[in-house]
Amino acid sequence: MEKSVDESMKELLLGPKRLHENIYDINRHVELDFGEVFQAPTTTTTSRRFTPILDAYKTLYTYTQDFIYILWVVLLGWLLSIVWGILFGTFNFLTVWLIQPTLKLVFVIIRNAAALYTVVVRAVLDPIFESIGHALSFIRAGLFVRGQGSSMDVVKTV
């Protein structure tokens with residue numbers, strides 16, 4: 001089986017082991033294992049004495065967490081899978097059959113309206129603003145600041 005150019009480039013950039021990894025962390029979950037949730041201090045001398053107890057707590061925590069997860073999956077998983085299936089199916093249906101065609105129609109209308117708007121601006125508003133610019137072009141104004149030390153005089157010329 002020959003590799004495609006894309007797979008060859010990815011393998012060259014990422015290396016052969018990372019080709020099928022989740023490089024964008026899309027499906028990453030929050031780590032809730034015992035060591036991440038309950039971090040015991042390692043600097044004390046008594047921490048080594050508590051290692052067997054902490055191992056027992058870790059086992060208890062892990063089995064309890066797994067049991068509760070399985071319990072919720074059995075009790076509510078079927079219901080939530082139906083609810084989410086209905087919601088995502090409805091959303092996909094509305095996207096394909098309502099939202100996308102509506103957006104295409106709006107873009108066509110906006111494109112035609114933009115052409116008409118450009119014609120109106122160029123034919124009506126451009127001459128008005130050019131005339132106002134020519135009428136007011138003889139006005140000359142300036143603002144000069146002269147000063148020495150802390151006192152400054154403002155001279156206006158019109």
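Residues numbered from 1 in each chain as written. Predicted model: local features only at pLDDT ≥ 70, side-chain atom pairs only at ≥ 80, totals over all residues. Heavy atoms only, no water.

### Considering the overall build of the protein chain
Each helix and strand in the protein chain was counted, giving 3 helices and 2 strands. Secondary structure elements of the protein chain, listed N to C terminal, follow the sequence α-α-α-β-β. When burial is assessed residue by residue, the protein chain has 4% of its 158 residues classed as buried. (Helix = DSSP H or I, 4+ residues; strand = E, 2+ residues; numbered from the N terminus. Buried < 20%, exposed > 50% of the residue type's maximum accessible area, 1.4 Å probe, protein only.)

### Considerations on helix α3 (residues 51-135)
Counted at 1.5 Å a residue, the expected span for α3 with its 85 residues is 126 Å, but the 90 Å between its end C-alpha atoms falls short. Along its length, α3 shows its largest kink, about 55°, at L76. (Expected span 1.5 Å × (residues − 1). Bend = angle between axes of the 7 residues up to and from the residue.)

### Some remarks on the packing of aromatic side chains
What characterises a pair of aromatic rings is the spacing of the ring centres plus the angle enclosed by the ring planes. Evaluated as defined, the whole model comprises 1 aromatic pair. Between W84 and F88, the ring centres sit 5.8 Å apart and the planes meet at 35°, which makes this aromatic pair tilted. Here the residue W84 and the residue F88 both occupy positions in helix α3, the gap between them amounting to 4 residues, near one helical turn. On the accessibility criterion, W84 (47% relative accessible area) is partly exposed. (Phe/Tyr/Trp six-rings, centres within 6.5 Å; stacked < 30°, edge-to-face > 60°.)

### Regarding the side chain of T95
Mapped onto the secondary structure, T95 falls in helix α3. A polar contact of 2.8 Å, which involves the side chain of T95, links it to the backbone oxygen of F91. In contact with T95, not counting residues within four places along its chain, are Q100 and P101. (Polar contact = N/O pair within 3.5 Å; in protein donor to acceptor, adjacent residues only side chain to side chain. Contact = heavy atoms within 4.5 Å.)

### With respect to the pattern of salt bridges
Evaluation of the coordinates by the stated rule reveals 1 salt bridge. Linking D126 and R122 is a salt bridge whose minimum nitrogen-to-oxygen distance equals 2.8 Å. One end of the pair is D126 and the other is R122, both in helix α3 and 4 residues apart, which spans about a single turn. The class for D126 is partly exposed, based on a relative accessible area of 25%. Judged by relative accessible area, R122 falls into the exposed class, the value being 57%. (Salt bridge = Lys/Arg side-chain N within 4 Å of Asp/Glu carboxyl O.)

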